[in-house]
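Chain and residue survey
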Amino acid sequence: GAVLSYKNNLGVTVSNLVNSSGTYSVTATNDGCDSEIGNINVIFNTTPNLSLAPLASVCAPGSVDITSITSNPNNINGTVSYWLDETATLALNSPSAITTSGTYFVKMDNNGCSDIAAVDVEIKTQPSFNVIDPAVQCEGSIDLDNSVSNLTSGAVLSYKNNLGVTVSNSVNSSGTYSCLLYT
């Protein structure tokens, strides 16, 4: 049977397994006779190396934009896409406005060579409460905490007067006070 031999673009004999782009020539030899030379063009695309910046969690009703966290340290041009699964079969429709906590996936493709990386998104539950104005008093002080009910578990209250100055929960002057809630 015929024996195949290969040479790179410098004319150096190489094995049939190559790992760099270029034009390789192939010749078949059988019973001391060589075939015509055939050329094989081999192209290796560089695989992207994605790196994702960590995301800060946000409070609902906020959203997270994962389109701006991609970096590509080996400077490969490619197409970036966003996915709900690590096999990149379920597209993420709104990667710039994610409103649900979970793990999402970013994929960069360079002509069939790709890298995929996971990113965790945390959307914290917005704390809630109800406010009831206290009864009118003649003097003394009012505990603003008593005007708040149905407070989200683990939330912390803070109060500000009508000038925006933080005050304690015990007040002794009439006015409108803002109740701020933190988790």
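Below is a summary of the structure that appears in this document. What you see is a predicted model, and the numbers here were worked out from it, not measured in a lab.

Here the focus is the overall build of the protein. Scanning the protein from terminus to terminus reveals zero helices and 19 strands. Against the 2.2 N^0.38 benchmark of 16 Å for 183 residues, the protein shows a C-alpha radius of gyration of 33 Å, more extended than a compact globule. When its C-alpha atoms are laid out on the principal axes, the protein stretches across 115 × 25 × 20 Å. Buried positions account for 23% of the 183 residues belonging to the protein. The contacts in the protein between residues at least 6 apart in sequence include a share of 46% that link residues at least 24 apart. Carbon and sulfur atoms make up 49% of the accessible area of the protein, which amounts to about 12100 Å² in all.

The side chains of a regular strand alternate, first on one face of the sheet and then on the other. With five bridges connecting them, strand β16 (residues 156-160) and strand β19 (residues 178-182) associate as antiparallel partners. Residue pairing across strands places serine 158 opposite leucine 180, the latter belonging to β19. Connecting β16 to the next strand, strand β17 (residues 166-167), in antiparallel fashion are five residues, including glycine 164 with a positive phi near 85°.

Turning our eyes to something else, we now look at unusual backbone geometry. The step from alanine 60 to proline 61 runs through a cis peptide bond, and the omega angle for that step is 10°. Considering the arrangement of structural elements, one finds proline 61 in the loop between β7 (58-59) and β8 (70-71). The phi dihedral of asparagine 111 falls on the positive side, at around 50°, and the residue is not glycine. Here asparagine 111 is to be found in the loop between β10 (102-110) and β11 (113-121). Under the relative-accessibility criterion, asparagine 111 is labelled exposed at 62%.

With that out of the way, let us pick up the nonpolar core. Counting residues in each nonpolar core, the largest one holds 15 residues, and the members touching the most others are Ile66, Tyr104, Val106, Val119 and Val121. Residue assignment for this core shows that the elements contributing at least two residues are β10 and β11. Counting five residues, the second largest nonpolar core, distinct from the first, contains Leu144, Val148, Tyr159 and Cys179.

Okay, the pairing of β11 next. Relative to β11, β10 runs antiparallel, the two being bridged by nine bridges. Across the sheet, residue valine 106 finds its bridge partner in β11, namely alanine 117.

What follows deals with the environment of isoleucine 116. Its place among the elements puts isoleucine 116 in strand β11. Sequence separation between isoleucine 116 and serine 81 is 35 residues; the distance between their C-alpha atoms is 9.3 Å. Ignoring sequence-local partners within four residues, the contact set of isoleucine 116 consists of Leu50, Asp85, Glu86, Ala88, Phe105, Val106 and Lys107.

In any sheet, the strands associate via hydrogen bonds between backbone groups, in a parallel or an antiparallel arrangement. One open sheet holds the three strands; their spatial order is β17-β16-β19, and the pairing between them is antiparallel. Pairing within the sheet leaves two strands with one partner each, and these edge strands are β17 and β19. Alignment of β16 against β17, held across two bridges, turns out to be antiparallel. Residue pairing across strands places tyrosine 159 opposite valine 167, the latter belonging to β17.

The next point concerns the sheet that holds strand β9 (residues 79-83). Strand order in the open sheet made by the three strands is β9-β10-β11, with antiparallel pairing throughout. What marks the edges here is a single partner per strand, and that holds for β9 and β11. The sheet shows a mean angle of 20° between the axes of neighbouring strands, taken without regard to direction.

Here is what the cut-offs are and how they apply
Residues numbered from 1 in each chain as written. Predicted model: local features only at pLDDT ≥ 70, side-chain atom pairs only at ≥ 80, totals over all residues. Heavy atoms only, no water. Helix = DSSP H or I, 4+ residues; strand = E, 2+ residues; numbered from the N terminus. Rg over C-alpha atoms; globule rule 2.2 N^0.38 Å. Buried < 20%, exposed > 50% of the residue type's maximum accessible area, 1.4 Å probe, protein only. Contact = heavy atoms within 4.5 Å. Areas by Shrake-Rupley, 256 points an atom, 1.4 Å probe, with all protein chains shown as cover. Pairing = 2+ DSSP bridges. Core = buried A, V, L, I, M, F, W, Y, C linked by side-chain atoms within 4.5 Å. Axes fitted to C-alpha atoms, helices over the stretch in contact; angles between N-to-C directions.

In short, shape yes, function no, at least from these values alone.
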